[in-house]
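Below are the chains, spelled out letter by letter.
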Amino acid sequence: MPVVDVPSGQVEYLVDGDGPPVVLLHGLLMDQSLWDRVMPLLPSGFRYIRPLLPFGSHRLPMHADADLSMTGMAGLVADFLEALDLDDVTLVHTDWGGGLFLTAMGRDDRVAQLVILPCEAFENFPPGLPGRLVALAGRIPGGLVIGIRPLRVSWLRRLPVLYGQMASSPLPDALMRRWTDPVLRDKLIRRDVRSYLRTRFDAADLVRQTEALAGFGGRALVLWSANKVMPLDHGRRLAGLIPGAQYREVPDAAVLSMLDQPEIVAEEMSRFLSAIPTSSS
């Protein structure tokens, strides 16, 4: 995988195609393979870039003094866009919502379009019971390893407090091993994850930073699904905040709709990227 230097360290990434850049993000304890089922279904004529963010599935530890708090991680995304000199970016969010704060931070100048799938927003940081449990594990000595190992056992993984509310269909064992091997194997990767999980959140400030999206000047597609971790109302509120945003729902999907319904996600994203008008808006 190519590697780019940012102030926090080195970030690996994948690139497919050529054309206007589409940067697809991922969440905690995931990597770029989250999008594998969607990628072959997306339209040609775009440059699809998938960074491997330091959320525990990364392989290159960040600098020891890197700011990996929520704000620091959002800044890392902006640094990544800058390091690759990307402009007129379509930034695709899922699960992790920190990238939504770029407008509040005044660092969205390289972003022309947003695609927002179910993710943290408003005061929902960390999201739901699964998010709160992971955050707690990150604050207890040795808790991260204890909290992550059950994710590698299929029947435990399907419990609501773990991944049972993240995907409608069971996640393959091989995928979960891929996502959790780095954080279980490397203490420096665990250090990076703990740095993020120890972020202290202020609900009012989180709402303020989310609502700053009212000042985003580009196009947006909010592509939400009904689930118990990222409330459906949050998707509708986000679409209402962003001037002219389109809102769509993905049926029969949980948080990770690109795994549950890759064809629908790809169809909606393709229509948005290609600016094909639809009968509803």
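So, how was this worked out
- Residue numbers restart at each chain and count upward from 1, following the sequence in its written direction.
- In keeping with the model being predicted, local features are shown solely for residues with a pLDDT of at least 70 and side-chain atom pairs are shown and tallied solely at 80 or more, while totals for entire chains, interfaces and linings include all residues.
- Each side-chain value is derived from all of the structure's non-hydrogen atoms; neither hydrogens nor water enter the calculation.
- Throughout, the protein atoms alone are placed on a 1 Å grid, and a set of points is a cavity if a 1.4 Å probe fits but cannot get out or a pocket if it is open with protein on both sides within 12 Å along at least five of seven lines; lining residues have an atom within 4 Å of a point.
- Grid points are joined across faces, edges and corners, and a volume is the space filled by probe spheres set on the points.
- In DSSP terms, a helix is any run of H or I states spanning at least four residues, a strand is any run of E spanning at least two, and both are numbered starting from the N terminus.
- When residues are sorted by character, Ala, Val, Leu, Ile, Met, Phe, Trp, Tyr, Cys and Pro go into the nonpolar class, Asp, Glu, Lys and Arg into the charged class, and all the rest, Gly among them, into the polar class.
- Burial status follows relative accessibility: with a 1.4 Å probe on protein chains alone, a residue under 20% of its type maximum counts as buried, one over 50% as exposed, and anything between as partly exposed.
- The directions from the helix axis to the C-beta atoms form the arc being described.
- Polar contact is defined as a pair of N or O atoms within 3.5 Å, subject to the rule that within protein one atom must be able to donate a hydrogen and the other to accept it, and that residues adjacent in sequence are counted only when both atoms are side-chain atoms.
- Nonpolar cores were defined as sets of buried Ala, Val, Leu, Ile, Met, Phe, Trp, Tyr and Cys residues, with membership established by side-chain atoms within 4.5 Å.
- Every residue pair with non-hydrogen atoms within 4.5 Å of one another is taken to be in contact.
- The criterion for an aromatic pair is that two Phe, Tyr or Trp rings (for Trp, the six-membered ring) have centres within 6.5 Å, with stacked assigned to planes under 30 degrees apart, edge-to-face to planes over 60 apart and tilted to the rest.
- The criterion for a charge sitting over a ring is simple: Lys NZ or Arg CZ within 6 Å of the ring centre, and within 35 degrees of the ring normal.
- A carboxyl oxygen of Asp or Glu within 4 Å of a side-chain nitrogen of Lys or Arg is what we treat as a salt bridge.

## Points about empty space enclosed by the protein
Within this structure, the stated rule accounts for two cavities of 30 Å³ or more. The volume enclosed by the largest cavity comes to roughly 50 Å³. Lining the largest cavity, in full, are Leu91, His93, Gly99, Leu100, Leu102, Thr103, Asp108, Val111, Leu114, Leu213 and Phe216. Secondary-structure elements contributing two or more residues to the lining of the largest cavity are strand S5 (89-95) and strand S6 (111-119). Partitioning the lining of the largest cavity into residue classes produces seven nonpolar, three polar and one charged. By volume, the second largest cavity amounts to about 40 Å³.

## Details of helix H6 (residues 187-197)
Buried within H6 we find Ile189, Arg190, Asp192, Val193, Tyr196 and Leu197. Angularly, the buried residues of H6 cover 155° about the axis, an arc narrow enough to put them on a single face. Capping the start of H6, Asp186 holds a side-chain oxygen 2.8 Å from the backbone nitrogen of Leu188, two or three residues further along.

## Some points on the layout of surface pockets
Considered as a void within the structure, the largest pocket measures approximately 520 Å³ in volume. Put simply, the parts of the chain that give the lining of the largest pocket at least two residues each are helix H2 (128-139), helix H3 (143-148) and H6. Looking at the lining of the largest pocket element by element, the count peaks at six residues for H2. Counted by class, the lining of the largest pocket contains 26 nonpolar, four polar and two charged residues.

## What about unusual backbone geometry?
Residues Phe125 and Pro126 are joined by a peptide bond in cis, for which omega reads -15°. Residue placement: Pro126 occurs in the loop between S6 and H2. Here the phi dihedral of Asp88 falls at roughly 50°; this positive angle occurs in a residue that is not glycine. Considering the arrangement of structural elements, one finds Asp88 in the loop between helix H1 (70-83) and S5. The residue Phe122 is not glycine, and still its phi comes out positive at about 55°.

## So, the nonpolar core
Core analysis: the biggest nonpolar cluster contains 95 residues, and Trp35 and Leu238 have the highest contact counts within it. Each residue touching Leu238, except ones within four places of it in the same chain, is listed here: Leu100, Ile116, Ala121, Phe122, Thr210, Leu213, Val222 and Trp224.

## A word on the side chain of His234
Its location among the elements puts His234 in helix H8 (residues 232-241). A residue is classified by how much of its surface remains accessible, and His234, at 4% relative accessible area, is buried. Ignoring sequence-local partners within four residues, the contact set of His234 consists of Ala121, Phe122, Glu123, Asn124 and Trp224.

## Let's talk about the packing of aromatic side chains
Enumeration according to the criterion identifies six aromatic pairs in this entry. Between the aromatic rings of Phe46 and Tyr48, the centroid separation amounts to 6.1 Å while the plane-to-plane angle is 45°, which identifies the pairing as tilted. Geometrically, the ring pair formed by Phe55 and Tyr196 is edge-to-face, given 5.1 Å between the ring centres and 75° between the ring planes. With Phe55 in the loop between strand S4 (47-51) and H1 and Tyr196 in helix H6, the pair connects residues that are 141 residues apart, well separated along the chain. Grouping residues by exposure puts Phe55 and Tyr196 together as buried. One Lys or Arg, Arg219, reaches over the ring of Phe272 and ends 4.1 Å from the middle of that ring. When the ring centre of Phe122 is taken as reference, the NZ or CZ atom of Arg237 above it lies at 3.7 Å.

## Thoughts on the pattern of salt bridges
Following the criterion strictly, the structure yields 16 salt bridges and no others. The partner of Asp16 in a salt bridge is Arg50, and the shortest N-O contact between them spans 3.4 Å. One end of the pair, Asp16, is in strand S2 (residues 9-16); the other, Arg50, is in strand S4, with 34 residues separating them in the sequence. One salt bridge connects Arg236 with Glu249, and the closest N-O pair in it is separated by 3.0 Å.

## So, the environment of Phe55
Relative accessible area serves as the criterion here: at 0%, Phe55 is assigned to the buried category. In the structure, Phe55 is positioned 141 residues away from Tyr196 in sequence and 7.9 Å away in space, judged by C-alpha atoms. For Phe55, the residues in contact, after removing those within four places along its chain, are His26, Gly27, Leu28, Leu29, Met73, Trp96, Val193 and Tyr196.

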